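Okay, here's what each chain looks like letter by letter:
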Amino acid sequence: GGGLAAASGSSGRYGPASRLFTKIAVALALAMPNALAMDFPGLNLPSLSDIAAIGAGSTSMQDSDTVNDVVPETCSEERLARYPSGWPAALDWGIYWYGPNDEFKKAEPRQQVKLVDPTSWFEQGDGYANSTERWNKTFYDPSRNTVLYFHGWSGDGAWSTKDCKRVTSKCNPNLCPKGGVHELAKPWIEKGWNVGFFYWDQFADEPCMRDAEQKIWFDREGNGLRWASYSPRNNTFQWKQYQGEAMSVIDLCATAVKEAMGDFFGGGTVRFVGRSIGAQLAVGCAAKLHEEQHVAAPQRITLLDPFFTTQEFTFLGTVVRCGRVVSSTGVGAFAQQATANYVKMLWETKRVATEVYSSAGSTSGLDSQAAIDMATYSVQVAYKPSWCDGEDSDLKCEHQAVFPLYFLSFGLPPPPLVQAVTSPGRLLDKPAVTCAVPSASCTDAELRALLEEHILLMQSQTSASWDQVDGTDTFAVGDDTFALTSGTMLNTITPDPAIEEEVAQSNAIEQRQWGMSRGFRLGSESGMSTKQLDFVVQIAGCILALPLMAFLTYRLISLASQKACASSTDEDEEGSEEEEEEEDGESDLEGSMKQSPLMEDH
């Protein structure tokens, strides 16, 4: 998510007055369609109010404070109390973990390894007795599989800051039947997953989607990412600048994942799910985590109706961006090209499988090589939600429909594959694999197998996708069936053992093995398992014990030797004394014998 400077489109041949006159003249010509209520989709044409701003010397219509007529009912004290951070007046970005009944908790910072701090090399206790207690208290446990969701643009009123609205795990009442009672996280929680949402809504709350999109990749102005602040208590709205070190929302995302999941994550898999322009964020954040070799880098990316905005419109050297005449040429198709390149690179180098689900037609905004790469290196699934007919906004419903459909489908087996000859479709023979249609409930290995076959198929044709046949007129996912546009070659698909071995040996997977097989490395991408610590302590103990044992052995031998010598010396001394006593006895005896005649004479 590094910085990408926008090239200047101004020229030095004419004076400021001439350039201003040219801008106004061109803008007036471009504004005529809007003034006459003529619609030209796909063009960022300015309005008459924008022309007035240009004449006044303004290049942005959204820099001043704005106020709602009244405080929205959605800004209730009950809702605001759920965010102790002070949102939406205060900046609140990062990961929230979800539990039952749409309850959520802000992610707590978890232990990270620091090379200069040896105490951080080993996993430390977090105060919880076991994994169950930890999840019940925080809605997160590092031993569980994890799915992270990345929302899209929030400037359209559906999730806007000034309305105190955020997307949550409860389905939007305007989209899901029965008033939105569906809990999208429930199927995942029931299967033992962590469910997290990455919130960047205050950065994404821009009047123009392209402004929000470009924040994903870089800081356009270079003075800090702009974010929206709304205070319900005094009913004021204003723009503020983020003063942190991050140069993009991708940087913020990588930081949030590392803090929320820590360096001691041990779950089996991580999945990123992004919708609309949030799909770009999911891909970019995944690429950054893999580049940094972090343990929480994902093995699978899901893109729900990925969207890319149209490029700046240029006419006679004048650039129209987001309905305004601006002085820079922008970055063109950078976002779509970067996203498609990352999808390709992540598969070829990290074996990260990408799946694309659309419910509003083909992937929006892609063209040229980016479209080819995206279509080749990701499986494509097309929902056809005809049940959206009659909604207030059919197009908006279709664009949002894939979000609840994907999350709810995790609780059911993958849909069956049919032949698209009639409706309802005719079921094929039961496939040899359980996952013949890409689905949220397919395992990572099954999805990789489908992607491998898809890539081979794309070498001989320009498109291949799984299109919905049955269940189009109902919100329920249990009656959905799909047909493969290229035929029925999926009956014998199995994962490639060589690719599965690559996945097993990838840095992220290996660093989740908290036994003796964990790589012996210290740094930001690794830690040391308890078993390894015990082993190292034992080895260190043995190394320290050897010289100690040698010293003790030497001392014991020395003492024994000294004692033996002392004993021998004592025996020699006793023998000498006995000899002397014997000699003295003999001398006395001889003396007595010499004296005996005298005694006889007496």
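These numbers come from a predicted model, not from an experiment.

Student: What's the story with the overall build of the protein in this structure? I'm lost.
Tutor: Summing up its helical and strand segments, the protein has 17 helices and 17 strands in all. For the protein, buried positions account for 47% of its 602 residues. Long-range contacts, defined here as pairs at least 24 residues apart, represent 73% of the contacts in the protein between residues at least 6 apart. Put simply, the protein shows about 29300 Å² of open surface, and 54% of that area lies on carbon and sulfur atoms.

Student: Where do I start with the packing of helix H8 (residues 209–217) against helix H10 (residues 278–291) in this structure?
Tutor: When two helices pack together, their arrangement is captured by the angle between the axes and the distance separating the axes. Across the interface, H8 lies against H10 with an axial gap of 9 Å and an inter-helix angle of 5 degrees. Relative to H10, H8 is oriented roughly parallel. Every residue of H10 that contacts H8 at Glu213, Ile216 and Trp217 is listed here: Gln280, Leu281 and Gly284. Among the residues forming the contact of H8 with H10, the class breakdown is 3 nonpolar, 2 polar and 1 charged.

Student: Please explain the pairing of strand E7 (residues 270–275) as it appears in this structure.
Tutor: Within a regular strand, the side chains alternate between the two sheet faces. Among the 6 residues of E7, 6 are classified as buried, and the element is accordingly described as predominantly covered. Covered by surrounding structure in E7 are Val270, Phe272 and Gly274 together with Arg271, Val273 and Arg275, the residues of both alternating faces. For strand E3 (residues 146–150) and E7, the ladder comprises 5 bridges, and the chain directions are parallel. The residue bridging Val147 from the neighbouring strand is Arg271, located in E7. After leaving E7, the chain enters H10 and then returns to the sheet as strand E8 (residues 300–304), a path that is right-handed.

Student: I tried to follow the pattern of salt bridges on my own but got confused; where do I start?
Tutor: Pairing is possible between side chains that carry opposite charge, provided their charged atoms lie close to one another. Counted by the stated rule, this structure contains 18 salt bridges. The salt bridge involving Arg300 is made with Glu355; its shortest N-O contact spans 2.8 Å. Here Arg300, found in strand E8, pairs with Glu355, found in strand E12 (residues 353–358); they are 55 residues apart in sequence, far enough to count as distant. The exposure class assigned to Glu355 is buried, which follows from its relative accessible area of 0%.

Student: What is the right way to look at the packing of aromatic side chains in this model?
Tutor: Inspection of the entire model under this criterion finds 32 aromatic pairs. Each ring, one from Tyr96 and one from Phe104, has its centre 5.6 Å from the other, and the planes form 80 degrees; the classification is edge-to-face. No difference in accessibility class separates Tyr96 from Phe104, as the two residues are buried. On the numbers, 6.5 Å between centres and 35 degrees between planes, the contact of Tyr357 with Tyr383 is tilted. Here Tyr357, found in strand E12, pairs with Tyr383, found in the loop between strand E13 (379–382) and helix H13 (394–409); they are 26 residues apart in sequence, far enough to count as distant.

Student: In this structure, what is going on with the state of the cysteines? I would like to understand it.
Tutor: By definition, a disulfide links two cysteine residues through a covalent bond between their sulfur atoms. Under the criterion given, the structure shown has 5 disulfides. Paired through a disulfide, Cys171 and Cys176 show a sulfur-sulfur distance of 1.5 Å. Handedness of the Cys171-Cys176 disulfide follows from its S-S torsion of about 65 degrees: it is right-handed. One exposure class covers both Cys171 and Cys176, and it is buried. Residue pairing for Cys435: its cysteine sulfur links by disulfide to Cys442, the two sulfurs lying 2.0 Å apart. Measuring the twist about the S-S bond at about 85 degrees, one finds the Cys435-Cys442 disulfide to be right-handed.

Student: Explain the nonpolar core here, please?
Tutor: If you look at the biggest cluster of nonpolar residues, it comprises 124 residues, and the most contacted ones within it are Phe198, Val257 and Phe272. Those residues in contact with Val257, other than ones at most four positions away along the chain, are Ile95, Leu148, Gly262, Phe272, Cys285, Leu289 and Ala296.

Student: I would appreciate a short explanation of the environment of Pro84 in the present structure.
Tutor: Within the secondary structure layout, Pro84 lies in the loop between helix H3 (77–80) and strand E1 (94–98). C-alpha separation for the pair Pro84 and Lys106, spaced 22 residues apart in sequence, amounts to 9.4 Å.

Student: Explain unusual backbone geometry to me, please; I cannot follow it from the model alone.
Tutor: The general pattern is negative phi for most residues beyond glycine and trans for most peptide bonds. Cis rather than trans, the peptide bond between Trp87 and Pro88 has omega equal to 5 degrees. Among the structural elements, Pro88 can be located in the loop between H3 and E1. Although it is not a glycine, Gln293 sits at a positive phi angle of roughly 55 degrees. Not every positive phi belongs to a glycine, and Asp305 is a case in point at roughly 45 degrees.

Student: Just to check I follow, could you spell out a nonpolar patch on the surface for this structure?
Tutor: The grouping of Leu548, Phe551 and Leu552 at the surface amounts to a nonpolar patch, some 300 Å² of accessible area in total. In this fold, Leu548 is placed in helix H17 (residues 530–601).

Student: Is there a simple way to think about H8 in this case?
Tutor: Structural remark: α-helix, 3.6 residues per turn; residues separated by three or four positions point the same way. Burial analysis of H8 places 9 of its 9 residues in the buried class, the great majority of the element. Residues of H8 that are buried include every one of Met209, Arg210, Asp211, Ala212, Glu213, Gln214, Lys215, Ile216 and Trp217, and no others.

About the criteria used
Residues numbered from 1 in each chain as written. Predicted model: local features only at pLDDT ≥ 70, side-chain atom pairs only at ≥ 80, totals over all residues. Heavy atoms only, no water. Helix = DSSP H or I, 4+ residues; strand = E, 2+ residues; numbered from the N terminus. Buried < 20%, exposed > 50% of the residue type's maximum accessible area, 1.4 Å probe, protein only. Contact = heavy atoms within 4.5 Å. Areas by Shrake-Rupley, 256 points an atom, 1.4 Å probe, with all protein chains shown as cover. Axes fitted to C-alpha atoms, helices over the stretch in contact; angles between N-to-C directions. Parallel < 35°, antiparallel > 145°, perpendicular 65-115°, else oblique. Nonpolar A, V, L, I, M, F, W, Y, C, P; charged D, E, K, R; others polar. Pairing = 2+ DSSP bridges. Right-handed = clockwise from strand over helix to strand, strands pointing away. Salt bridge = Lys/Arg side-chain N within 4 Å of Asp/Glu carboxyl O. Phe/Tyr/Trp six-rings, centres within 6.5 Å; stacked < 30°, edge-to-face > 60°. Disulfide = S-S within 2.5 Å. Core = buried A, V, L, I, M, F, W, Y, C linked by side-chain atoms within 4.5 Å. Patch = residues over 30% accessible without salt bridge, like charges linked within 9 Å, V, L, I, M, F, W, Y side chains within 5 Å.

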